[in-house]
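Below, each chain spelled out in residue letters.
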Amino acid sequence: MAEKVIPIRVAGAPESAAPWDGAALRDTLGRPIRDLRISVTDRCNFRCVYCMPRKVFDANYRFLPHAAILSFEEIARVARVFVSLGVKKIRLTGGEPLVRKDLAKLVALLAPLGADLTLTTNGSLLARQISALRRAGLQRLTVSLDSLDDATFRAMNDADYPVASVLEGIEAAVAAGLAPVKINMVVKRGVNDHQIADMARRWRGTGHIVRFIEYMDVGSTNGWRMDDVVPSAEVVRRIGEQFPLEPVEPNYTGEVAERWRYRDGAGEIGVIASVTQAFCRDCNRMRLSTEGALYTCLFAQTGHDLKALLRSGAPDDAIRDRIAAVWRARGDRYSELRTAETARLRKVEMSYIGG
Ligand code: SAM
Ligand code: SF4
Ligand code: SF4
(Lines give C-alpha, C1' and ligand atoms only; values in the text may rest on other atoms or scores of the structure.)
(Ligands and ions follow the chains in the order given, each with its own letter.)
Protein backbone atom coordinates (compact mmCIF):
# COMPACT_ATOMS: atom_id res chain seq x y z
CA MET A 1 0.00 0.00 0.00
CA ALA A 2 1.22 3.55 -0.76
CA GLU A 3 2.68 5.29 2.25
CA LYS A 4 2.86 8.98 3.09
CA VAL A 5 5.88 10.43 1.32
CA ILE A 6 8.15 12.41 3.60
CA PRO A 7 9.59 15.54 1.98
CA ILE A 8 13.34 15.69 1.40
CA ARG A 9 15.21 18.40 3.25
CA VAL A 10 17.23 20.54 0.84
CA ALA A 11 18.06 23.81 2.55
CA GLY A 12 21.02 23.91 4.89
CA ALA A 13 22.31 20.46 3.97
CA PRO A 14 25.95 19.90 4.88
CA GLU A 15 28.71 19.81 2.22
CA SER A 16 29.18 16.07 2.45
CA ALA A 17 26.15 13.82 2.61
CA ALA A 18 25.42 13.05 6.27
CA PRO A 19 23.72 9.80 7.27
CA TRP A 20 20.14 9.81 6.11
CA ASP A 21 17.23 8.26 7.89
CA GLY A 22 16.76 5.59 5.22
CA ALA A 23 13.44 4.58 6.71
CA ALA A 24 12.07 7.97 5.73
CA LEU A 25 12.89 7.62 2.05
CA ARG A 26 10.13 5.71 0.31
CA ASP A 27 8.87 5.55 -3.24
CA THR A 28 5.23 6.10 -4.20
CA LEU A 29 4.44 2.48 -3.32
CA GLY A 30 6.07 2.78 0.10
CA ARG A 31 9.19 0.80 -0.81
CA PRO A 32 12.50 1.75 0.85
CA ILE A 33 15.76 1.92 -1.09
CA ARG A 34 18.16 -0.87 -0.18
CA ASP A 35 20.11 -2.20 -3.18
CA LEU A 36 22.25 -0.39 -5.71
CA ARG A 37 23.35 -2.14 -8.90
CA ILE A 38 26.14 -0.47 -10.76
CA SER A 39 26.85 -1.25 -14.40
CA VAL A 40 30.58 -0.62 -14.81
CA THR A 41 30.66 -1.32 -18.54
CA ASP A 42 28.23 -1.92 -21.40
CA ARG A 43 30.74 -4.28 -23.05
CA CYS A 44 30.99 -8.02 -22.74
CA ASN A 45 33.06 -10.90 -24.10
CA PHE A 46 29.93 -13.10 -24.36
CA ARG A 47 26.95 -12.68 -26.65
CA CYS A 48 24.25 -14.44 -24.66
CA VAL A 49 21.23 -14.90 -26.89
CA TYR A 50 18.91 -13.60 -24.16
CA CYS A 51 20.98 -10.48 -23.39
CA MET A 52 23.30 -9.30 -26.19
CA PRO A 53 22.31 -11.21 -29.33
CA ARG A 54 25.17 -11.11 -31.83
CA LYS A 55 23.00 -9.97 -34.68
CA VAL A 56 22.46 -6.68 -32.79
CA PHE A 57 25.67 -6.46 -30.75
CA ASP A 58 27.89 -7.09 -33.77
CA ALA A 59 31.16 -5.57 -34.96
CA ASN A 60 29.32 -2.37 -35.95
CA TYR A 61 27.60 -1.90 -32.60
CA ARG A 62 28.62 1.36 -30.99
CA PHE A 63 29.48 0.85 -27.36
CA LEU A 64 29.93 3.87 -25.11
CA PRO A 65 33.18 5.79 -25.57
CA HIS A 66 35.45 5.98 -22.53
CA ALA A 67 34.72 9.69 -21.92
CA ALA A 68 31.00 8.94 -21.61
CA ILE A 69 31.32 6.37 -18.84
CA LEU A 70 31.64 7.20 -15.18
CA SER A 71 35.15 7.07 -13.74
CA PHE A 72 35.82 4.93 -10.68
CA GLU A 73 36.01 8.07 -8.56
CA GLU A 74 32.63 9.24 -9.84
CA ILE A 75 31.07 5.84 -9.20
CA ALA A 76 32.51 5.73 -5.69
CA ARG A 77 31.18 9.19 -4.93
CA VAL A 78 27.67 8.29 -6.07
CA ALA A 79 27.84 5.02 -4.14
CA ARG A 80 28.82 6.89 -0.99
CA VAL A 81 25.79 9.13 -1.37
CA PHE A 82 23.58 6.08 -1.89
CA VAL A 83 24.90 4.53 1.29
CA SER A 84 24.08 7.74 3.16
CA LEU A 85 20.51 7.32 1.84
CA GLY A 86 20.17 3.82 3.31
CA VAL A 87 21.60 1.51 0.64
CA LYS A 88 22.92 -1.65 2.29
CA LYS A 89 24.04 -3.67 -0.69
CA ILE A 90 26.04 -2.77 -3.79
CA ARG A 91 26.33 -5.13 -6.75
CA LEU A 92 28.84 -4.50 -9.54
CA THR A 93 27.56 -5.73 -12.84
CA GLY A 94 27.33 -4.84 -16.50
CA GLY A 95 27.94 -5.90 -19.31
CA GLU A 96 30.73 -8.05 -18.04
CA PRO A 97 32.32 -6.18 -15.12
CA LEU A 98 35.63 -8.02 -15.46
CA VAL A 99 36.27 -6.54 -18.90
CA ARG A 100 36.53 -3.11 -17.27
CA LYS A 101 40.23 -2.43 -16.74
CA ASP A 102 41.51 -2.46 -13.14
CA LEU A 103 38.12 -3.24 -11.60
CA ALA A 104 39.84 -4.07 -8.31
CA LYS A 105 40.62 -0.35 -7.96
CA LEU A 106 36.90 0.38 -7.90
CA VAL A 107 36.32 -2.41 -5.39
CA ALA A 108 38.98 -0.83 -3.17
CA LEU A 109 37.14 2.50 -3.31
CA LEU A 110 33.76 0.91 -2.51
CA ALA A 111 34.75 -1.58 0.19
CA PRO A 112 35.23 1.04 2.94
CA LEU A 113 31.66 2.31 2.48
CA GLY A 114 30.44 -0.54 4.65
CA ALA A 115 27.73 -1.89 2.33
CA ASP A 116 27.58 -5.55 1.41
CA LEU A 117 29.73 -5.53 -1.76
CA THR A 118 29.20 -8.14 -4.41
CA LEU A 119 29.81 -8.78 -8.10
CA THR A 120 27.99 -10.65 -10.87
CA THR A 121 30.21 -12.07 -13.59
CA ASN A 122 30.11 -14.58 -16.40
CA GLY A 123 33.19 -16.09 -14.75
CA SER A 124 35.31 -16.45 -17.88
CA LEU A 125 37.96 -13.97 -16.69
CA LEU A 126 37.57 -14.64 -12.99
CA ALA A 127 40.47 -17.00 -12.30
CA ARG A 128 43.08 -14.38 -13.15
CA GLN A 129 41.37 -11.48 -11.34
CA ILE A 130 39.86 -12.95 -8.23
CA SER A 131 42.86 -12.54 -5.91
CA ALA A 132 43.12 -8.82 -6.66
CA LEU A 133 39.36 -8.38 -6.23
CA ARG A 134 39.42 -10.23 -2.93
CA ARG A 135 42.38 -8.24 -1.65
CA ALA A 136 40.56 -5.05 -2.63
CA GLY A 137 37.62 -6.05 -0.40
CA LEU A 138 35.13 -7.96 -2.53
CA GLN A 139 32.89 -9.87 -0.11
CA ARG A 140 30.61 -12.02 -2.25
CA LEU A 141 30.27 -13.31 -5.74
CA THR A 142 27.63 -14.45 -8.21
CA VAL A 143 28.76 -16.38 -11.27
CA SER A 144 26.47 -16.96 -14.24
CA LEU A 145 26.61 -20.46 -15.71
CA ASP A 146 23.82 -21.63 -17.99
CA SER A 147 25.01 -25.16 -18.63
CA LEU A 148 27.62 -27.74 -17.69
CA ASP A 149 27.87 -28.98 -21.22
CA ASP A 150 30.04 -27.05 -23.71
CA ALA A 151 27.66 -27.32 -26.66
CA THR A 152 24.66 -26.06 -24.67
CA PHE A 153 26.79 -23.41 -22.98
CA ARG A 154 27.80 -22.08 -26.39
CA ALA A 155 24.22 -22.21 -27.63
CA MET A 156 23.35 -19.87 -24.75
CA ASN A 157 26.32 -17.48 -24.79
CA ASP A 158 27.38 -17.57 -28.46
CA ALA A 159 31.04 -17.19 -27.48
CA ASP A 160 34.08 -19.38 -27.52
CA TYR A 161 34.63 -20.14 -23.84
CA PRO A 162 34.47 -23.65 -22.42
CA VAL A 163 32.51 -24.41 -19.26
CA ALA A 164 35.88 -25.33 -17.73
CA SER A 165 37.00 -21.67 -17.75
CA VAL A 166 34.03 -20.73 -15.58
CA LEU A 167 34.48 -23.71 -13.25
CA GLU A 168 38.12 -22.70 -12.86
CA GLY A 169 36.96 -19.20 -11.91
CA ILE A 170 34.60 -20.62 -9.28
CA GLU A 171 37.39 -22.78 -7.84
CA ALA A 172 39.69 -19.77 -7.73
CA ALA A 173 36.99 -17.81 -5.90
CA VAL A 174 36.65 -20.57 -3.33
CA ALA A 175 40.44 -20.65 -2.89
CA ALA A 176 40.37 -16.87 -2.38
CA GLY A 177 37.84 -17.29 0.45
CA LEU A 178 34.68 -16.26 -1.39
CA ALA A 179 32.63 -19.41 -0.80
CA PRO A 180 29.74 -19.96 -0.95
CA VAL A 181 29.28 -18.67 -4.48
CA LYS A 182 25.88 -18.02 -6.04
CA ILE A 183 25.52 -19.56 -9.48
CA ASN A 184 22.94 -18.06 -11.85
CA MET A 185 21.39 -20.17 -14.58
CA VAL A 186 18.98 -18.48 -16.99
CA VAL A 187 16.63 -21.19 -18.21
CA LYS A 188 15.40 -21.02 -21.80
CA ARG A 189 12.98 -23.68 -22.92
CA GLY A 190 14.29 -26.01 -25.58
CA VAL A 191 17.85 -24.65 -25.24
CA ASN A 192 19.18 -25.50 -21.77
CA ASP A 193 16.20 -26.67 -19.72
CA HIS A 194 17.34 -30.28 -20.11
CA GLN A 195 20.27 -29.29 -17.87
CA ILE A 196 18.20 -28.20 -14.86
CA ALA A 197 18.58 -31.41 -12.84
CA ASP A 198 22.25 -31.78 -13.89
CA MET A 199 22.98 -28.32 -12.51
CA ALA A 200 21.22 -29.13 -9.27
CA ARG A 201 23.15 -32.40 -8.98
CA ARG A 202 26.52 -30.77 -9.76
CA TRP A 203 26.25 -28.18 -6.98
CA ARG A 204 24.34 -30.15 -4.33
CA GLY A 205 26.45 -30.66 -1.26
CA THR A 206 29.05 -28.04 -2.24
CA GLY A 207 27.59 -25.17 -0.23
CA HIS A 208 27.21 -23.10 -3.41
CA ILE A 209 23.68 -22.00 -4.30
CA VAL A 210 22.33 -22.36 -7.84
CA ARG A 211 19.62 -19.88 -8.74
CA PHE A 212 17.42 -20.75 -11.69
CA ILE A 213 16.25 -17.56 -13.40
CA GLU A 214 13.21 -17.25 -15.61
CA TYR A 215 14.09 -15.91 -19.01
CA MET A 216 12.93 -12.26 -19.04
CA ASP A 217 11.85 -9.74 -21.66
CA VAL A 218 14.61 -7.30 -20.74
CA GLY A 219 15.68 -4.83 -23.42
CA SER A 220 14.16 -5.09 -26.84
CA THR A 221 16.60 -7.18 -28.83
CA ASN A 222 16.31 -10.74 -27.51
CA GLY A 223 13.05 -11.65 -29.27
CA TRP A 224 11.52 -12.83 -25.97
CA ARG A 225 8.44 -15.06 -26.14
CA MET A 226 6.47 -16.38 -23.20
CA ASP A 227 6.77 -19.86 -24.71
CA ASP A 228 10.53 -19.76 -24.06
CA VAL A 229 10.03 -19.23 -20.31
CA VAL A 230 10.25 -22.23 -18.01
CA PRO A 231 8.20 -21.24 -14.94
CA SER A 232 10.09 -21.51 -11.66
CA ALA A 233 7.34 -23.79 -10.31
CA GLU A 234 8.26 -26.25 -13.05
CA VAL A 235 11.96 -25.96 -12.17
CA VAL A 236 11.20 -26.74 -8.53
CA ARG A 237 9.00 -29.66 -9.54
CA ARG A 238 11.59 -31.11 -11.91
CA ILE A 239 14.41 -30.88 -9.37
CA GLY A 240 12.15 -32.07 -6.56
CA GLU A 241 11.31 -35.24 -8.47
CA GLN A 242 14.96 -36.27 -8.17
CA PHE A 243 15.99 -34.49 -4.98
CA PRO A 244 13.03 -33.68 -2.70
CA LEU A 245 12.83 -30.02 -1.73
CA GLU A 246 11.12 -27.89 0.89
CA PRO A 247 10.64 -24.10 1.00
CA VAL A 248 12.84 -21.85 3.16
CA GLU A 249 11.93 -18.44 4.59
CA PRO A 250 13.52 -15.44 2.79
CA ASN A 251 16.66 -13.96 4.34
CA TYR A 252 15.12 -10.47 4.19
CA THR A 253 12.15 -8.61 2.69
CA GLY A 254 12.67 -7.97 -1.00
CA GLU A 255 15.01 -10.92 -1.58
CA VAL A 256 14.82 -11.70 -5.28
CA ALA A 257 15.29 -15.45 -5.13
CA GLU A 258 12.72 -17.76 -3.57
CA ARG A 259 14.67 -20.28 -1.46
CA TRP A 260 14.28 -24.07 -1.40
CA ARG A 261 16.39 -26.61 0.46
CA TYR A 262 17.06 -30.28 -0.15
CA ARG A 263 15.25 -32.41 2.39
CA ASP A 264 18.36 -34.57 2.76
CA GLY A 265 20.39 -31.57 3.98
CA ALA A 266 22.54 -31.22 0.83
CA GLY A 267 22.06 -27.43 0.73
CA GLU A 268 19.70 -25.09 -1.07
CA ILE A 269 18.71 -23.67 -4.42
CA GLY A 270 16.93 -20.47 -5.42
CA VAL A 271 14.44 -19.68 -8.14
CA ILE A 272 13.93 -16.22 -9.56
CA ALA A 273 10.38 -16.12 -10.89
CA SER A 274 10.38 -12.60 -12.24
CA VAL A 275 7.92 -13.47 -15.00
CA THR A 276 5.46 -15.89 -13.44
CA GLN A 277 5.47 -14.56 -9.85
CA ALA A 278 6.30 -10.88 -9.95
CA PHE A 279 7.97 -9.52 -6.83
CA CYS A 280 7.69 -5.78 -7.52
CA ARG A 281 5.85 -5.24 -4.22
CA ASP A 282 9.12 -5.40 -2.29
CA CYS A 283 11.51 -4.20 -5.01
CA ASN A 284 14.10 -1.98 -3.39
CA ARG A 285 16.67 -1.73 -6.19
CA MET A 286 18.04 1.28 -8.01
CA ARG A 287 20.41 0.96 -10.96
CA LEU A 288 23.21 3.25 -12.01
CA SER A 289 24.00 2.88 -15.71
CA THR A 290 27.47 2.81 -17.20
CA GLU A 291 27.17 6.45 -18.21
CA GLY A 292 25.72 7.67 -14.97
CA ALA A 293 21.94 7.58 -15.34
CA LEU A 294 19.59 6.31 -12.65
CA TYR A 295 17.07 3.61 -13.52
CA THR A 296 14.31 2.70 -11.10
CA CYS A 297 13.35 -0.56 -12.85
CA LEU A 298 15.09 -3.25 -14.88
CA PHE A 299 12.43 -2.75 -17.55
CA ALA A 300 12.61 1.04 -17.65
CA GLN A 301 12.29 2.88 -20.91
CA THR A 302 14.10 6.00 -19.70
CA GLY A 303 16.60 6.95 -17.03
CA HIS A 304 17.44 10.04 -15.01
CA ASP A 305 20.75 11.63 -15.82
CA LEU A 306 23.09 12.12 -12.87
CA LYS A 307 26.35 12.57 -14.74
CA ALA A 308 25.74 16.20 -15.74
CA LEU A 309 25.14 17.08 -12.09
CA LEU A 310 28.18 15.08 -11.01
CA ARG A 311 30.42 16.83 -13.51
CA SER A 312 28.99 20.29 -12.78
CA GLY A 313 30.78 20.58 -9.47
CA ALA A 314 27.59 20.08 -7.45
CA PRO A 315 28.06 19.19 -3.76
CA ASP A 316 27.14 15.76 -2.41
CA ASP A 317 23.87 16.95 -0.94
CA ALA A 318 22.67 18.13 -4.37
CA ILE A 319 23.45 14.64 -5.68
CA ARG A 320 21.69 13.13 -2.72
CA ASP A 321 18.60 15.28 -3.24
CA ARG A 322 18.47 14.34 -6.90
CA ILE A 323 18.68 10.61 -6.10
CA ALA A 324 16.11 10.96 -3.35
CA ALA A 325 13.73 12.85 -5.65
CA VAL A 326 14.00 10.10 -8.28
CA TRP A 327 13.31 7.43 -5.66
CA ARG A 328 10.36 9.34 -4.17
CA ALA A 329 8.73 9.60 -7.61
CA ARG A 330 9.23 5.89 -8.37
CA GLY A 331 6.14 3.80 -9.03
CA ASP A 332 7.56 0.97 -11.16
CA ARG A 333 5.99 -2.46 -11.09
CA TYR A 334 6.59 -3.67 -14.60
CA SER A 335 6.53 -7.40 -13.89
CA GLU A 336 3.12 -7.12 -12.26
CA LEU A 337 1.77 -5.42 -15.37
CA ARG A 338 3.60 -7.44 -18.05
CA THR A 339 1.62 -8.37 -21.16
CA ALA A 340 2.60 -9.47 -24.65
CA GLU A 341 2.32 -5.76 -25.61
CA THR A 342 4.63 -4.46 -22.87
CA ALA A 343 7.15 -7.15 -23.82
CA ARG A 344 7.39 -5.50 -27.23
CA LEU A 345 8.05 -1.99 -25.82
CA ARG A 346 11.41 -0.43 -26.47
CA LYS A 347 13.22 -0.90 -23.14
CA VAL A 348 16.77 -0.17 -22.10
CA GLU A 349 19.17 -3.07 -22.62
CA MET A 350 20.20 -5.00 -19.50
CA SER A 351 23.89 -4.86 -20.45
CA TYR A 352 23.65 -1.05 -20.22
CA ILE A 353 21.73 -0.61 -16.98
CA GLY A 354 23.17 -3.61 -15.19
CA GLY A 355 21.59 -7.00 -14.50
N1 SAM B 1 27.91 -10.35 -17.44
C2 SAM B 1 27.59 -10.68 -16.11
C3 SAM B 1 26.90 -12.02 -16.03
O4 SAM B 1 26.43 -12.51 -17.06
O5 SAM B 1 26.83 -12.55 -14.94
C6 SAM B 1 26.79 -9.62 -15.37
C7 SAM B 1 25.69 -8.93 -16.15
S8 SAM B 1 24.33 -9.94 -16.61
C9 SAM B 1 23.31 -8.77 -17.45
C10 SAM B 1 23.55 -10.22 -15.04
C11 SAM B 1 22.62 -11.38 -14.94
O12 SAM B 1 21.50 -11.16 -15.76
C13 SAM B 1 23.23 -12.70 -15.40
O14 SAM B 1 23.08 -13.69 -14.41
C15 SAM B 1 22.43 -13.03 -16.63
O16 SAM B 1 22.33 -14.40 -16.83
C17 SAM B 1 21.11 -12.38 -16.34
N18 SAM B 1 20.32 -12.10 -17.53
C19 SAM B 1 20.70 -11.44 -18.64
N20 SAM B 1 19.69 -11.39 -19.55
C21 SAM B 1 18.65 -12.05 -19.00
C22 SAM B 1 17.32 -12.35 -19.43
N23 SAM B 1 16.88 -11.98 -20.62
N24 SAM B 1 16.53 -13.03 -18.60
C25 SAM B 1 16.97 -13.42 -17.38
N26 SAM B 1 18.20 -13.15 -16.90
C27 SAM B 1 19.04 -12.49 -17.70
FE1 SF4 C 1 27.39 -10.65 -21.19
FE2 SF4 C 1 26.28 -11.23 -18.91
FE3 SF4 C 1 24.77 -10.30 -20.91
FE4 SF4 C 1 25.79 -12.73 -21.08
S5 SF4 C 1 24.30 -12.00 -19.55
S6 SF4 C 1 25.86 -11.16 -22.68
S7 SF4 C 1 27.70 -12.52 -20.02
S8 SF4 C 1 26.35 -9.20 -19.87
FE1 SF4 D 1 11.69 -4.18 -9.54
FE2 SF4 D 1 10.97 -3.40 -11.99
FE3 SF4 D 1 11.70 -5.94 -11.53
FE4 SF4 D 1 9.35 -5.01 -10.60
S5 SF4 D 1 9.92 -5.23 -12.71
S6 SF4 D 1 10.87 -6.27 -9.46
S7 SF4 D 1 9.93 -2.89 -10.08
S8 SF4 D 1 13.03 -4.12 -11.33
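These numbers were taken from a predicted model, which means no experiment stands behind them.

Observations regarding the sheet that holds strand β3 (residues 116-121)
Moving on, step 1. Strand order in the open sheet made by the 12 strands is β7-β8-β9-β6-β5-β4-β3-β2-β1-β10-β11-β12, with mixed pairing throughout. Either end of the sheet is taken by a strand with one partner, and the two such strands are β7 (245-248) and β12 (304-305).
Moving on, step 2. In terms of strand pairing, strand β11 (residues 293-295) meets β12 through two bridges, oriented antiparallel. Bridge pairing in β12 links alanine 293 to aspartate 305.
Moving on, step 3. Of the strands in this sheet, β1 (35-39), β2 (89-93), β10 (285-288) and β11 touch helix α1 (residues 72-84), which is tilted by about 170° from β1.

Topic: unusual backbone geometry
Moving on, step 1. Here the bond from alanine 179 into proline 180 is cis, since omega is -5°, no more than 30 degrees from zero.
Moving on, step 2. Within the secondary structure layout, proline 180 lies in the loop between α5 (163-175) and β5 (182-187).
Moving on, step 3. Here the phi dihedral of aspartate 102 falls at roughly 55°; this positive angle occurs in a residue that is not glycine.
Moving on, step 4. With respect to the helices and strands, aspartate 102 occurs in the loop between β2 and α2 (103-110).
Moving on, step 5. Under the relative-accessibility criterion, aspartate 102 is labelled partly exposed at 38%.

Some points on the site of ligand 3
Moving on, step 1. Phe279, Cys280, Cys283, Arg285, Cys297, Leu298, Phe299, Arg330, Asp332, Tyr334 and Ser335 make up every residue found near ligand 3.
Moving on, step 2. Its residues placed into classes, the shell around ligand 3 shows seven nonpolar, one polar and three charged.

Some thoughts on the pairing of strand β8 (residues 258-262)
For a regular strand, side-chain orientation follows a simple rule: the groups alternate between the two sheet faces.
Moving on, step 1. Judged from the four bridges that link them, β7 and β8 form a sheet pairing that is antiparallel. Its bridge partner being in β8, glutamate 246 is matched across the sheet by arginine 261.
Moving on, step 2. Two strands pair when backbone bridges link them, and β8 and strand β9 (residues 268-272) are joined in this way by four bridges, in the antiparallel orientation. Of the residues in β9, the one forming a bridge with glutamate 258 is valine 271.
Moving on, step 3. In this structure, the hairpin formed by β8 and β9 is closed by a connection of five residues, where glycine 265 is found at a positive phi of approximately 85°.

Focus: the pattern of salt bridges
Moving on, step 1. The full count for this structure, using the stated rule, is 28 salt bridges.
Moving on, step 2. The partner of lysine 101 in a salt bridge is aspartate 102, with the nearest N and O atoms 3.7 Å apart.
Moving on, step 3. In this structure, arginine 225 and aspartate 227 form a salt bridge, with 3.9 Å as the shortest nitrogen-oxygen distance.
Moving on, step 4. On the basis of relative accessibility, which here comes to 45%, the residue arginine 225 falls in the partly exposed class.
Moving on, step 5. On the basis of relative accessibility, which here comes to 53%, the residue aspartate 227 falls in the exposed class.
Moving on, step 6. Among the charged side chains, a salt-bridge network with shared partners connects Asp27, Arg31, Arg330 and Asp332.

Topic: the confidence of the model for the protein chain
Moving on, step 1. Of the residues in the protein chain, 94% reach a pLDDT of 70 or more, and the chain-wide mean stands at 92.
Moving on, step 2. Low pLDDT, under 50, characterises residues 1-15; the predicted model gives this stretch 29 contacts beyond four residues in sequence or across chains.

A closer look at helix α6 (residues 196-203)
Moving on, step 1. For α6, every residue scored as buried is listed here: Ile196, Ala197, Met199, Ala200 and Trp203. The buried residues of α6 occupy an angular sector of 160° when the element is viewed end-on, so they sit on one face.
Moving on, step 2. Where α6 is buried, its residues touch α5, β5, β6 (209-214), α7 (232-242) and β8.
Moving on, step 3. Trailing α6 by a residue or two, glycine 205 shows a phi angle of about 80°, which is positive.

Let's talk about the pairing of β10
Moving on, step 1. Across the two faces of β10 the burial is the same, with Arg285 and Arg287 and Met286 and Leu288 all buried.
Moving on, step 2. As paired elements, β1 and β10 share four bridges and run parallel to each other. In the sheet register, arginine 37 faces β10, and the bridge partner there is arginine 287.
Moving on, step 3. Alignment of β10 against β11, held across two bridges, turns out to be antiparallel. Within the sheet, the bridge partner assigned to arginine 287 lies in β11 and is tyrosine 295.
Moving on, step 4. Adjacent in sequence and paired antiparallel, β10 and β11 are bridged by four residues, among which glycine 292 carries a positive phi angle near 85°.

Examining the packing of aromatic side chains
Moving on, step 1. Applying the stated criterion across every chain yields a total of eight aromatic pairs.
Moving on, step 2. Relative to phenylalanine 153, the ring of phenylalanine 46 has its centre 6.0 Å away and its plane inclined at 80°; by these criteria the two rings are edge-to-face. Here phenylalanine 46, found in the loop between β1 and α1, pairs with phenylalanine 153, found in helix α4 (residues 150-157); they are 107 residues apart in sequence, far enough to count as distant.
Moving on, step 3. With a centroid separation of 4.7 Å and 65° between ring planes, the pair formed by tyrosine 61 and phenylalanine 63 is classed as edge-to-face.
Moving on, step 4. Classification of tyrosine 61 by relative accessible area gives partly exposed; the value is 32%.
Moving on, step 5. An aromatic cluster is built from Phe46, Phe153 and Tyr161, whose rings are joined through pairwise contacts.
Moving on, step 6. Its end group placed over the ring of tyrosine 262, arginine 204 keeps NZ or CZ at 4.7 Å from the ring centre.
Moving on, step 7. A cation sits over an aromatic face here: arginine 338 above phenylalanine 299, 5.1 Å from the ring centre.

What counts as what
- Each chain carries its own residue numbering, running from 1 in the written order of its sequence.
- By the order in which they are written, chains take letters starting at A while ligands take numbers starting at 1.
- Predicted model: local features are reported for residues with pLDDT of at least 70 only, side-chain atom pairs are reported and counted for 80 or more only, and whole-chain, interface and lining totals are derived from all residues.
- Water and hydrogen atoms were dropped before computing side-chain values, which therefore reflect all heavy atoms in the structure.
- When DSSP locates at least two bridges between a pair of strands, those strands are taken to pair.
- A run of H or I in DSSP becomes a helix once it reaches four residues, and a run of E becomes a strand once it reaches two; helices and strands are each numbered from the N terminus.
- Note on contacts: a residue pair is in contact if any heavy atoms of the two residues lie within 4.5 Å.
- Angles here are taken between N-to-C directions and fall from 0 to 180 degrees, while the axes themselves are lines fitted to C-alpha atoms, restricted in helices to the stretch in contact.
- Only protein chains enter the area calculation, which uses a 1.4 Å probe; residues under 20% of their type maximum are buried, those over 50% are exposed, and those in between are partly exposed.
- Whether a residue is near a molecule or strand depends on its heavy atoms: it is near if one of them lies within 4 Å of it.
- We call Asp, Glu, Lys and Arg charged. Ala, Val, Leu, Ile, Met, Phe, Trp, Tyr, Cys and Pro are nonpolar, and the rest, Gly among them, are polar.
- Definition used for salt bridges: Asp or Glu carboxyl oxygen within 4 Å of a side-chain nitrogen of Lys or Arg.
- What pLDDT conveys is the predictor's confidence in a given residue, as a value from 0 to 100.
- Within this analysis, the arc is defined by the directions that extend from the helix axis to the C-beta atoms.
- Aromatic pairs are defined between Phe, Tyr and Trp rings, using the six-membered ring for Trp, whenever the two ring centres lie within 6.5 Å; interplanar angles under 30 degrees are classed as stacked, those over 60 as edge-to-face, and all others as tilted.
- Ring-over charges, as used throughout, are those where CZ of Arg or NZ of Lys falls within 6 Å of the ring centre and within 35 degrees of the ring normal.

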